[in-house]
Amino acid sequence: MGIEVRGINKSFGATPVLRDVSVDVASGSLTALLGPSGGGKSTLLRVIAGLEQPDTGTVVISGTDATRLSPQRRNVGFVFQHYAAFKHMTVFDNVAFGLQIRKRPKDEIRRRVGELLELVHLDQFHKRYPAQLSGGQRQRMALARALAVEPEVLLLDEPFGALDAQVRKELRAWLRRLHDEVHVTTVFVTHDQEEAIEVADTIVVLAGGEVKQTGSPHEVYDNPADPFVMRFLGPVTEIDGQLVRPHDIELSTTPEPGTTPAVIDRVVRLGFEVRIEMRLRDGSDHEAWAQVTRGIVESLQLEPGGTVHVRPSPAARSLAVT
Amino acid sequence: MALSSTSTGSGLAPGPVRAVRRRKNPGTMLGLGTALIYLSLIVLIPLAAVVWKSTGQGPGFFWKAVTTPDAWASLQLTIGASVVVALVNLVMGTVIAWVLVRDRFPGKAVVDSLIDLPFALPTIVAGLVLLALYGSDSPLGVNLAYTRAGVLVALLFVTLPFVVRTVQPVLLELDRDMEQAAASLGAAPWTVFRRIILPNLLPAMVSGTALAFTRSIAEFGSTVLISGNLPFKTQVAAVQIFGQIENDNAVGAAAVSTVLLVVALAVLFALDLIQRWGARRG
């Protein structure tokens, strides 16, 4: 096991931030800690790194109890949301820092830093200072710096949070590829469910300081443990007292077993997919929406003011609204 | 501005693209002019007058005025003491700034505002206080009156705020994540300080030290009482200059003043060079 977190409790003053949190991270995996802000995910990551001390509980990294070890002795690589670049050092010196601390021979340092800068596509920038780099380049430098010391685990705290949407998307895909090359046990924190689903092979959903669910991206998306996880992982709508994904709704023009009548309010065309916004005529007058293809809209001739009959598709996973 | 000047230009003479010239805004010109005239009146002309006065009777006369035994001794004392004071400030000012930013203790706000006291207090009052504390009737039993140690204490008192107040804001702004990143890369606390914190503070430390030094070489009020102004022993340059004026030796006074001026300017230029060097590195 790469990381074993057992029974962690942590409070800041009177506010509990982590409550009896236990997480297993398989070695070589890429795990996302996903949750709303204030859910405790960054604190958990910092506890693993030794940047915060837990009130109770243990952290075991690669079979060694690290709970009482200082950050400098844990051999973890940590990447911060705001890069934490050493701004008085060149890119080369930033990446070389951990190796210089370990008093590696100069030749080895030069070779290793060269390899890492190539890996993160910064080899032409080795003489620059962080202030002369873009946000995405700084974060790649921070990643190379963390990888330089060959850490047991790599921890990334909202690594792409400070970058604009386009760069964020590029770096996500790039992180996934990098992990496939380097295979270091990696945990990253994000509040973006799309990012977690796209990049991670395991997702740990944390909210209110507790682990809500752990599983592969499609497990947590398709079989959410509770309505909270279901809502957090993707869009939901409510039909007949059930939470359903809007793409798991069947529409027909005539009543069928189990359907609920509804009046269409709006038909929003978003390219290939179409959003049908409607009001349920089951006595509740609830608003609901369905995500369908253009083909369905045309074959059923769906228009505002028309009536449709809706039900969750038989294969759909739905949860009772609590 | 450049844009508007090209558009009027092309309106008059359509055809070849005219070179875009950066024309100064009238407001900028006015501001620059005012600043220059003010600086000239307040700083440059008086300084030039001092230099002119001291060298007006030839370099030989200037040199003789500077190297009279009491002038030379006062310059040596002033510059030597100022170097010591600047170095003590460098260390202690940084330590105080560190404590004020990084530590929590009761009364911190009071201590923080006390730092500015030497700025706010008339220096002659400071001199009086020091004489009462460390004079011949010292309630502490420490008599520094008429000693070089007394001069040092007075200079330390008036220059205390410089390093503290230059280092403090930099330390406040310093990214704590950098320190944590260094620690997680395996750096021990002392290494983090030496390799991460210190290089980022150094420009502020140097500039505070230089300011303390230049202030120290010009100090008069705080030293005049406690030093006793003994020539060859405790008389600092500023007091020596005052004495020359009283003895109607305006040229001698101007000559010593010029030396102080040159030393101060040299330090400020060196400081500027260091800061440019620091800025280049981002």
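Residues numbered from 1 in each chain as written. Chains lettered and ligands numbered in written order. Predicted model: local features only at pLDDT ≥ 70, side-chain atom pairs only at ≥ 80, totals over all residues. Heavy atoms only, no water.

Moving on, we come to the overall build of chain B. Scanning chain B from N- to C-terminus turns up 13 helices and zero strands. Of the regular secondary structure in chain B, the N- to C-terminal order runs α-α-α-α-α-α-α-α-α-α-α-α-α. Relative to the globule expectation of 19 Å for 282 residues, the C-alpha radius of gyration of chain B, 25 Å, shows a markedly less compact shape. With the C-alpha coordinates of chain B rotated into their principal frame, the extents come out at 85 × 65 × 30 Å. Looking at chain B as a whole, 37% of its 282 residues are labelled buried. For chain B, the share of sequence-separated contacts (at least 6 apart) that also reach a separation of at least 24 residues comes to 73%. (Helix = DSSP H or I, 4+ residues; strand = E, 2+ residues; numbered from the N terminus. Rg over C-alpha atoms; globule rule 2.2 N^0.38 Å. Buried < 20%, exposed > 50% of the residue type's maximum accessible area, 1.4 Å probe, protein only. Contact = heavy atoms within 4.5 Å.)

The next point concerns the nonpolar core. Core analysis: the biggest nonpolar cluster contains 52 residues, and Ile3, Leu44, Phe86, Phe97 and Leu155 of chain A together with Ile196 of chain B have the highest contact counts within it. Setting aside anything within four residues of it in sequence, one finds Phe86 of chain A in contact with Asn94, Phe97, Pro130 and Arg145 of chain A together with Met178, Ala181, Ala182, Leu185 and Ile196 of chain B. Residues Tyr83, Ala142, Leu143 and Phe188 of chain A belong to the second largest nonpolar core, which totals 44 residues. (Core = buried A, V, L, I, M, F, W, Y, C linked by side-chain atoms within 4.5 Å.)

All names here are of chain B. Under the domain assignment used here, chain B contains domain 1 (1-55) and domain 2 (58-281). Centre-to-centre, using C-alpha coordinates, domain 1 lies 37 Å away from domain 2. Tallying the contact residues gives six residues for domain 1 and nine residues for domain 2. Surface buried jointly by domain 1 and domain 2 totals about 640 Å² across both partners, of which 76% is contributed by carbon and sulfur atoms. On the domain 1 side of the contact with domain 2, Lys53, Ser54 and Thr55 bury the most area, a combined 63% of that side's loss. Where domain 1 meets domain 2, there are zero salt bridges. (Domains from an automatic or database assignment. Buried area = accessible area lost by both parts, 1.4 Å probe. Salt bridge = Lys/Arg side-chain N within 4 Å of Asp/Glu carboxyl O.)

Attention shifts here to the environment of Phe12 of chain A. Residue and element names in this part refer to chain A. Mapped onto the secondary structure, Phe12 falls in strand 1 (residues 3-12). Taking relative accessible area as the criterion, Phe12 reaches 38% and is therefore assigned partly exposed. As for Phe12 and Tyr83, which are separated by 71 residues in sequence, their C-alpha atoms are 24 Å apart. In this view, Phe12 contacts Val17, Thr43 and Glu52; residues no more than four positions away in its chain are not counted.

This part covers the environment of Val297 of chain A. Residues and elements named next belong to chain A. When you line up the elements, Val297 lands in helix 9 (residues 294-300). What makes Val297 buried here is its relative accessible area of 3%. Residues Val297 and Pro314 lie 17 residues apart in sequence; the distance between their C-alpha atoms is 20 Å. Discounting residues that sit within four places of it in the chain, Val297 has contacts with Val267, Arg269, Val274, Ile276, Val292 and Leu302.

Turning to the sheet that holds strand 12 (residues 242-244) of chain A, a few remarks are in order. Residue and element names in this part refer to chain A. Strand order in this open sheet of three strands is 11-12-18, and the pairing throughout is antiparallel. Of all the strands in the sheet, just strand 11 (237-239) and strand 18 (319-320) have a single pairing partner and so form its edges. As paired strands, strand 12 and strand 18 are joined by two bridges and run antiparallel to one another. Counterpart to Gln242 in the pairing with strand 18 is Ala320. (Pairing = 2+ DSSP bridges.)

A word on a nonpolar patch on the surface. On the surface, Ile37, Tyr38, Leu39, Leu41, Ile42, Val43, Leu44, Ile45 and Leu47 of chain B cluster together into a nonpolar patch covering about 860 Å² of accessible area. Tracing the chain through its elements places Ile37 of chain B in helix 2 (residues 26-55). (Patch = residues over 30% accessible without salt bridge, like charges linked within 9 Å, V, L, I, M, F, W, Y side chains within 5 Å. Areas by Shrake-Rupley, 256 points an atom, 1.4 Å probe, with all protein chains shown as cover.)

What follows is about the packing of aromatic side chains. If you walk through the whole model with that rule in mind, you get eight aromatic pairs over all chains. Both rings, one in Phe78 of chain A and one in Phe80 of chain A, keep their centres 4.7 Å apart while their planes meet at 55°; by these two values the pair is tilted. The same class applies to Phe78 of chain A as to Phe80 of chain A, namely buried. Each member of the aromatic cluster is reached from another via a ring pair, and the members are Trp98, Trp190 and Phe193 of chain B. In this structure, Arg145 of chain A packs its charged tip against the face of Phe86 of chain A, placed 4.2 Å from the ring centre. Here the basic side chain of Arg245 of chain A rests over the ring of Tyr221 of chain A, its NZ or CZ set 4.1 Å away from the ring centre. (Phe/Tyr/Trp six-rings, centres within 6.5 Å; stacked < 30°, edge-to-face > 60°. Lys NZ or Arg CZ within 6 Å of the ring centre and 35° of its normal.)

Time to look at the pattern of salt bridges. Summed over the entire model, instances satisfying the criterion amount to 29 salt bridges over all chains. Its salt-bridge partner being Asp285 of chain A, residue Arg281 of chain A comes within 2.8 Å of it at the nearest N-O pair. Here Arg176 of chain B ties to Glu179 of chain B by a salt bridge, and the two come within 3.9 Å at their closest N and O atoms. Placement of the pair is Arg176 of chain B and Glu179 of chain B together in helix 9 (residues 176-184), with a separation of three residues, close to one helical turn. Residue Glu179 of chain B is classed as buried on the basis of its relative accessible area, which comes to 12%. Overlapping salt bridges bring together Arg172, Asp192, Glu194, Glu195 and Glu198 of chain A as one network.

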